[in-house]
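Single-letter residue listing:
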Amino acid sequence: MRTPPISTKSRRQGTDGLDLVRVLAERVVGQPHAMAQIVPYVQMHRAGLGPEGRPAGVFLLLGPTGTGKTRTVEVLADVLHGNERQVLKIDCGEFQMEHEVAKLIGAPPGYLGHRETQPMLTQQKLSAVTSEGCNLSLVLFDEIEKAAPSMTRLLLGMLDKATLRLGDNTTVSFERSLIFLTSNLGAQAMRKELCPDFGYAAMVSSRPHGWARKLEGIAMSAVRRKFSPEFVNRIDAVITYHPLSTEALATIVDQQIALLKRHIETRLAERAFRLEVAACARQFLLKAGTSEEYGARELKRTILRELTQPLAAMVAGGRIEPGDVVHAERPAGRGWIWWSRMTRHPNR
Ligand SMILES: Nc1ncnc2c1ncn2[C@@H]1O[C@H](COP(=O)(O)OP(=O)(O)O)[C@@H](O)[C@H]1O
Ligand SMILES: [Mg+2]
């Protein structure tokens, strides 16, 4: 018997998955393996083949600070829903005490505070982070290692049956949700064990044989020490984010400068000017805004301080005219950005 040909539609769905990996990997630099593990769950949901009675996907994202764990969920929200903020985000640092965890589900009727405490995890809140074209909600429990132990108990039920019973006895379904847990669990041990003397940078640039697998092994043993086997079993994929190489960090600097340029064009409209950032200035931003300890986390703040704020002061002071070309350099031996401006006369 001949197998039926693959329809154009299913072929297209196949490429869609690869496209989605590519689009995500362009924006979350240096972590293509993470995207490749997440996207199949999005595809299963889209195809209507997601698991029944379970969340559409449960991921534990591990690895050093500032390597793109939280960013992955924001970028996925932007790609699926057209807005980075279409995520139901629980900052676990705000739930360090047992009574704070109760805020997630709300107090039972009759209890003190029942009326005042709106549960954070309701069906309406889940629906509010979907969009017309996509009914998949993204739920992010960020930095779970910071939460009180009862958070793990609450998650256990949620991850297993995809339902959560609230204080008022109603239930919330997570069958159409991708659940992301992020943690820097094991990151310390990764650094110590892999490169006690030279740090991540040396390891990332030399990439000793099997380094990625070694990182995963360290992360998994940290997970097993922290969480019970039932908890670990309910996770579909434990994904280890890699420390970022200098090239990856340089790409992120370029991305953020491009974003600032777009911002200048769209926000200032007819008052917009052209920004040019020289290679020496980019190098300076790379050095000042990235580190082994915090990855690319400080970069946004550095660009704000070194580029956006001085530019804003120049615009507000009338020192930049619409259509000007504004050039940023960092001459050798100087610890700051050096600005120059060229006026473009429309008739020349
Ligand atoms: N891999 C990456 N690709 C692009 N930007 C990144 C990446 N990693 C970090 N960043 C930048 O650093 C910021 C902090 O990263 P984040 O994803 O919050 O780190 P963490 O891994 O600690 O969750 C992001 O908002 C983004 O601007
Ligand atoms: Mg994070």
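Details of the site of ligand 1
Right, on to step 1. Every one of the 19 residues lining ligand 1 counts as a neighbour, but G68, K69, T70, R71 and A296 are closest to it.
Right, on to step 2. Those elements giving two or more residues to the shell around ligand 1 turn out to be α3 (69–81) and α13 (299–316).
Right, on to step 3. Taken domain by domain, the makeup of the shell around ligand 1 includes at least three residues from each of domain 1 (8–243) and domain 2 (247–342).

Quick word on the nonpolar core
Right, on to step 1. Ranked by size, the top nonpolar core spans 75 residues in total, and within it F59, L138, L140, I179 and F180 carry the most contacts.
Right, on to step 2. The leading source of residues in this core is helix α2 (residues 32–46), at six residues.
Right, on to step 3. Counting residues domain by domain, this core receives three or more from each of domain 1 (8–243) and domain 2 (247–342).
Right, on to step 4. For I179, the residues in contact, after removing those within four places along its chain, are P55, V58, V139, L159 and F174.

Concerning the sheet that holds strand β2 (residues 88–91)
Right, on to step 1. With parallel pairing, the five strands of this open sheet are ordered in space as β2-β3-β6-β1-β7. Among the strands making up the open sheet, the edge pair consists of β2 and β7 (237–240). On average, each strand axis in the sheet is tilted by 15° relative to the strand beside it, whichever way the strands run.
Right, on to step 2. Relative to strand β6 (residues 177–182), strand β1 (residues 57–62) runs parallel, the two being bridged by five bridges. Note that in β6 the partner of F59 across the bridge is F180.
Right, on to step 3. Running over the sheet, α3 touches β1, β3 (137–142) and β6 and is turned about 165° from β3.
Right, on to step 4. Of the strands in this sheet, β1 and β7 are in contact with helix α9 (residues 211–226), which crosses β7 at around 125°.

Let's talk about the environment of E247
Right, on to step 1. Mapped onto the secondary structure, E247 falls in helix α11 (residues 246–268).
Right, on to step 2. A tally of 12 C-beta atoms within 10 Å means that E247 is categorised as exposed.
Right, on to step 3. Separated by 218 residues in sequence, E247 and V29 have C-alpha atoms that sit 9.7 Å apart.

Considering helix α6 (residues 149–161)
Right, on to step 1. Of the residues making up α6, those classed as buried are M151, L155, M158 and L159. Axial view of α6: buried residues confined to an arc of 95°, hence all on one face.
Right, on to step 2. On its buried face, α6 is in contact with β1, α4 (98–101), β3, β4 (163–165) and β6.
Right, on to step 3. In the stretch just after α6, A162 is the one whose phi turns positive, near 65°.

What counts, and where the lines are drawn
- Residues numbered from 1 in each chain as written.
- Chains lettered and ligands numbered in written order.
- Predicted model: local features only at pLDDT ≥ 70, side-chain atom pairs only at ≥ 80, totals over all residues.
- Near = placed C-beta within 6 Å.
- Helix = DSSP H or I, 4+ residues; strand = E, 2+ residues; numbered from the N terminus.
- Domains from an automatic or database assignment.
- Core = buried A, V, L, I, M, F, W, Y, C linked by C-beta atoms within 7 Å.
- Buried ≥ 20, exposed ≤ 12 C-beta atoms within 10 Å, placed from the backbone.
- Contact = placed C-beta atoms within 7 Å.
- Pairing = 2+ DSSP bridges.
- Axes fitted to C-alpha atoms, helices over the stretch in contact; angles between N-to-C directions.
- Arc of directions from axis to C-beta.

Geometric descriptors of this kind do not, in isolation, establish any biological role.
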